[in-house]
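# Chain and residue survey
Residue strings, one per chain:
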Amino acid sequence: MTSRSTPGLTWFNSAADAEARAALHEVCAARGWGNALLAQRPYDSVDALFAVSDEATAALTDEGLDEAMSGHPPIGRPKPGDPTSAREQRGMAGASEELKAEMLELNLAYQEKFGHVFLICATGKSAAEMRDAVRHRIDNTPQQEREIVRRELAKINRLRLTRLAEEGGPTA
């Protein structure tokens, strides 16, 4: 991204803890992740914020990873009224009804096997790419899938932190 500070990063560095925590919760629902980012304020660059985010994501316990995933709706079913999930899942918007139905079935099968939503950094991916990813990943072991989920979560967190750093505020 960039090594310079941005208006949103300036806001984040100076915001009251409660406001900053609320903004971070919109990025990632894992409290441990948010606490780690709050503890390192102020950040002199977006890259520094990314570095702490990556470390905090890598350090999430299984419970923390579950907590993070609880903040993500299933692919193809963004949270009503949530512009972030709708924007991130834009690739599903124009999908055929058949593909949407197939994705719903795959989501349910995935959730039955792994006990959590199928998590993928959906930004920029087509509906077919997301379907193909869940088809491929459903054959993973739970351990393999947790590591993939952790990497996907790190990508999602970076995208959402970029938006926070650019715009600032709890509604970024």
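Everything that follows concerns the structure shown earlier in this document.
About the cut-offs
- Residues numbered from 1 in each chain as written.
- Predicted model: local features only at pLDDT ≥ 70, side-chain atom pairs only at ≥ 80, totals over all residues.
- Heavy atoms only, no water.
- Helix = DSSP H or I, 4+ residues; strand = E, 2+ residues; numbered from the N terminus.
- Rg over C-alpha atoms; globule rule 2.2 N^0.38 Å.
- Buried < 20%, exposed > 50% of the residue type's maximum accessible area, 1.4 Å probe, protein only.
- Areas by Shrake-Rupley, 256 points an atom, 1.4 Å probe, with all protein chains shown as cover.
- Lys, Arg positive; Asp, Glu negative; His and termini not counted.
- Charge placed at Lys NZ, Arg CZ, Asp CG, Glu CD.
- Salt bridge = Lys/Arg side-chain N within 4 Å of Asp/Glu carboxyl O.
- Polar contact = N/O pair within 3.5 Å; in protein donor to acceptor, adjacent residues only side chain to side chain.
- Contact = heavy atoms within 4.5 Å.
- Phe/Tyr/Trp six-rings, centres within 6.5 Å; stacked < 30°, edge-to-face > 60°.
- Lys NZ or Arg CZ within 6 Å of the ring centre and 35° of its normal.

### Some remarks on the overall build of the chain
Of the regular secondary structure elements, the chain holds ten helices and zero strands. Listing each helix as α and each strand as β along the chain from the N terminus yields α-α-α-α-α-α-α-α-α-α. Relative to a compact globule of 172 residues, whose C-alpha radius of gyration would be 16 Å, the chain shows 16 Å and is just as compact. Once the C-alpha set of the chain is aligned to its principal axes, its extents read approximately 45 × 35 × 25 Å. Considering the chain as a whole, with its 172 residues, one finds that 48% of them fall into the buried category. Summed over all atoms, the accessible surface of the chain reaches about 8,700 Å², with 52% contributed by carbon and sulfur. The average position of the 21 basic charges and that of the 26 acidic charges among the side chains of the chain differ by 2 Å.

### Notes on the pattern of salt bridges
Going through the model one piece at a time under the given rule, you end up with 14 salt bridges. Residues arginine 31 and glutamate 67 are paired through a salt bridge, measuring 3.1 Å at the closest nitrogen-oxygen approach. Of this pair, arginine 31 sits in helix 3 (residues 31-39) while glutamate 67 sits in helix 5 (residues 62-69), and the two are 36 residues apart along the sequence. In this structure, aspartate 62 engages arginine 146 in a salt bridge whose closest nitrogen and oxygen atoms are separated by 3.6 Å. Taken together, the positions of aspartate 62 in helix 5 and arginine 146 in helix 10 (residues 142-167) put the pair 84 residues apart, joining distant regions of the chain. On the accessibility criterion, arginine 146 (14% relative accessible area) is buried. Each of Glu102, Arg131, Asp132 and Arg135 takes part in one network of salt bridges that share partners.

### Some remarks on the side chain of threonine 6
Note that threonine 6 resides in the segment before helix 1 (7-14). On the basis of relative accessibility, which here comes to 5%, the residue threonine 6 falls in the buried class. Among the polar contacts made by the side chain of threonine 6, one reaches the main-chain carbonyl oxygen of alanine 165 at a distance of 2.3 Å. When residues no more than four places from it in sequence are discounted, the contact partners of threonine 6 are Val46, Ala165 and Glu166.

### Notes on the environment of glycine 94
Position of glycine 94 among the secondary structure elements: in the loop between helix 7 (90-93) and helix 8 (97-114). The exposure class assigned to glycine 94 is exposed, which follows from its relative accessible area of 75%. Separated by 32 residues in the primary sequence, glycine 94 and serine 126 place their C-alpha atoms 9.0 Å from one another.

### Some remarks on the packing of aromatic side chains
In the structure shown here, the tally under the stated rule is three aromatic pairs. Judged by centre distance (6.2 Å) and plane angle (25°), the rings of phenylalanine 12 and tyrosine 43 are stacked. Of this pair, phenylalanine 12 sits in helix 1 while tyrosine 43 is found in the loop between helix 3 and helix 4 (46-58), placing the two residues 31 residues apart along the sequence. For phenylalanine 12, a relative accessible area of 1% puts it in the buried group. Arranged with centres 5.2 Å apart and planes meeting at 80°, the rings of tyrosine 110 and phenylalanine 118 form a pair that is edge-to-face. In terms of burial, tyrosine 110 and phenylalanine 118 fall into one category: buried. Linked through ring pairs, Tyr110, Phe114 and Phe118 together constitute an aromatic cluster. Sitting over the face of the ring of phenylalanine 12, arginine 41 holds its NZ or CZ atom 5.4 Å from the ring centroid.

### Remarks on unusual backbone geometry
Geometrically, the link from arginine 41 to proline 42 is a cis peptide bond, its omega value of 0° lying close to zero. Within the element layout of this structure, proline 42 appears in the loop between helix 3 and helix 4.

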